[in-house]
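# Observations on the three-dimensional arrangement
Here is how the chains run, residue by residue.
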Amino acid sequence: MLYFELALILFMAGLMSGLTGFAFSAIGALTLFLLPPITAVPLLQALSACNQMLSLGKLRKEMPKTWREWWPGGPGPAILGGLTGVEAGVWLLNNLPGPRIVMALGALITIYSIYSLFKPTGLKIHGFGGAPSGFVVGALGGAIGGFTAFPGLTVVVWTGLRNLSKAQSRAIVQPFILTLQILSLVTNGMQHPKNFGMPFWILLTLMIPVVLPGTLTGVWLYHRVSELDFKRACFILLGIAGVGLLIKALFT
């Protein structure tokens, strides 16, 4: 029963990320109903990295290729900032009580879903698209991702407020998420190898064949359906998931 519940959650996480370029761990956070954070977060980081590698391969024509596309308005500054935040996030993962991690992630997901659903269409910022802003946003994302596997949160909000096209947003968000997930895994693995025992590797092996078809389906939908309506439905589901995680944390 555990396998099928995890498989359903992670297939939908792959689908969401394949379609939008992010939010794998936001949907995948429902695994916290089934697994402790110390296992679920590294698992989500590893599966998110696999998801992003496949998605980036399928969308490589839209990804940055030149230095100008990487810097200063591309993913370069955010990634550099993210490198400075990961250490703090990994420390939180291994030192905060499990219920607090669940509560923090539930709160972040709930706030993010409400923001995404009700953000005024005309709301955007000017003058915050350069390298310094990218560095700060990336550092916050790195810290958040280190203990929640959701590093893209701040970067997605940042690109959304800049009113970038979905292709421009993906070109920043996806390289950032892939880099930060891998870095968080490596940092956690070097400092806390006990988190990567046999249960982790068994779950990873079983779930990769579930996630990747979801990713491919999402990328296929990305080119064929209205992203706006689908994302609205997903954000409603995210809000429900976030509230559920908060309830779980409060009564654990």
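As shown above, the structure is provided for reference.
Cut-offs used in this document
- Residues numbered from 1 in each chain as written.
- Predicted model: local features only at pLDDT ≥ 70, side-chain atom pairs only at ≥ 80, totals over all residues.
- Heavy atoms only, no water.
- Helix = DSSP H or I, 4+ residues; strand = E, 2+ residues; numbered from the N terminus.
- Rg over C-alpha atoms; globule rule 2.2 N^0.38 Å.
- Expected span 1.5 Å × (residues − 1).
- Bend = angle between axes of the 7 residues up to and from the residue.
- Axes fitted to C-alpha atoms, helices over the stretch in contact; angles between N-to-C directions.
- Parallel < 35°, antiparallel > 145°, perpendicular 65-115°, else oblique.
- Contact = heavy atoms within 4.5 Å.
- Nonpolar A, V, L, I, M, F, W, Y, C, P; charged D, E, K, R; others polar.
- Phe/Tyr/Trp six-rings, centres within 6.5 Å; stacked < 30°, edge-to-face > 60°.
- Buried < 20%, exposed > 50% of the residue type's maximum accessible area, 1.4 Å probe, protein only.
- 1 Å grid on protein atoms, 1.4 Å probe; cavity = no way out; pocket = protein on both sides within 12 Å on 5 of 7 lines; lining within 4 Å.
- Points joined across faces, edges and corners; volume = space filled by probe spheres on them.
- Patch = residues over 30% accessible without salt bridge, like charges linked within 9 Å, V, L, I, M, F, W, Y side chains within 5 Å.
- Areas by Shrake-Rupley, 256 points an atom, 1.4 Å probe, with all protein chains shown as cover.
- Salt bridge = Lys/Arg side-chain N within 4 Å of Asp/Glu carboxyl O.
- Left-handed = near helix turned anticlockwise from the far one by under 90°.

Per the secondary structure count, the protein chain includes 11 helices and zero strands. Taken from the N to the C terminus, the helices and strands of the protein chain come in the order α-α-α-α-α-α-α-α-α-α-α. Radius of gyration (C-alpha) of the protein chain: 17 Å, near the 18 Å computed for a compact globule of 252 residues. If you line up the protein chain on its principal axes, its C-alpha atoms span 45 × 35 × 35 Å.

Quick look at helix α5 (residues 76–95) now. For α5, which comprises 20 residues, the first-to-last C-alpha distance of 30 Å matches the rise-based estimate of 28 Å (1.5 Å per residue) to within 8%. Approximately 35 degrees is the largest bend angle found in α5, and it occurs at glycine 85.

Attention shifts here to the packing of helix α8 (residues 152–161) against helix α9 (residues 166–191). Interaxial distance between α8 and α9 falls to 10 Å at its minimum, and their mutual angle equals 170 degrees. It follows from the interaxial angle that α8 and α9 lie roughly antiparallel. Residue-level contacts link Gly152, Val155, Val156, Trp158 and Thr159 of α8 to Ser169, Ile172, Val173, Phe176 and Ile177 of α9. A per-class count over the contact of α8 with α9 returns seven nonpolar, three polar and no charged.

This next bit is on the packing of aromatic side chains. Going through the model one piece at a time under the given rule, you end up with three aromatic pairs. Plain terms: the ring middles of tyrosine 3 and phenylalanine 4 are 5.4 Å apart, the flat faces sit at 80 degrees to each other, and that makes the pair edge-to-face. The exposure class of tyrosine 3 is partly exposed, given its relative accessible area of 34%. Residue class for phenylalanine 4 comes out exposed when judged on its relative accessible area of 59%. Aromatic side chains phenylalanine 200 and tryptophan 201 sit 4.9 Å apart centroid to centroid with 85 degrees between the ring planes, which places their arrangement in the edge-to-face category. The class of phenylalanine 200 is buried, set by a relative accessible area of 3%. Classification of tryptophan 201 as partly exposed rests on a relative accessible area of 45%. By way of ring pairs, the aromatic residues Phe196, Phe200 and Trp201 are connected into one cluster.

Looking at the element boundaries, proline 75 is found in the loop between α4 (67–70) and α5. Between the C-alpha atoms of proline 75 and glycine 106, which are 31 residues apart in sequence, the distance is 27 Å. Setting aside anything within four residues of it in sequence, one finds proline 75 in contact with Pro64, Glu69, Trp70, Ala171, Ile172 and Pro175.

Under the counting rule described, the total for this entry stands at one cavity of 30 Å³ or more. Volume-wise, the largest cavity comes out at about 60 Å³. The wall of the largest cavity is formed by 14 residues, among which Ala23, Phe24, Ser25, Ser48 and Ile177 lie closest to the centre. The element best represented in the lining of the largest cavity is helix α2 (residues 24–28), accounting for three residues.

Once that is clear, we can look at the side chain of threonine 187. On the secondary structure map, threonine 187 appears in helix α9. Every residue in contact with threonine 187, bar those within four places of it in the chain, is listed here: Val86, Glu87 and Val90.

Judged by side-chain polarity, Tyr3, Phe4, Met198, Trp201, Ile202 and Leu206 come together as a nonpolar surface patch covering roughly 660 Å² of accessible area. For the nonpolar patch, the secondary-structure elements that each account for two or more residues are α1 (2–20) and α10 (198–222). Counting residues per element, the nonpolar patch draws most heavily on α10, which supplies four residues. As for its placement among the helices and strands, phenylalanine 4 is situated in helix α1.

What follows covers the environment of alanine 107. Position of alanine 107 among the secondary structure elements: in helix α6 (residues 98–118). Overall, alanine 107 belongs to the partly exposed group, its relative accessible area being 25%. Linking alanine 107 and leucine 246, residues 139 residues apart in sequence, is a C-alpha distance of 6.7 Å.

Let's shift gears to the packing of α6 against α8. The N-to-C vectors of α6 and α8 enclose an angle of 15 degrees; their axes lie 12 Å apart at closest approach. By the angle class used here, α6 and α8 are roughly parallel. The chirality of how α6 crosses α8 is left-handed. Only Leu153, Val156, Val157 and Leu161 of α8 make contact with α6, whose side of the interface consists of Leu108, Tyr112 and Tyr115. Classifying every residue of the contact of α6 with α8 gives seven nonpolar, no polar and no charged.

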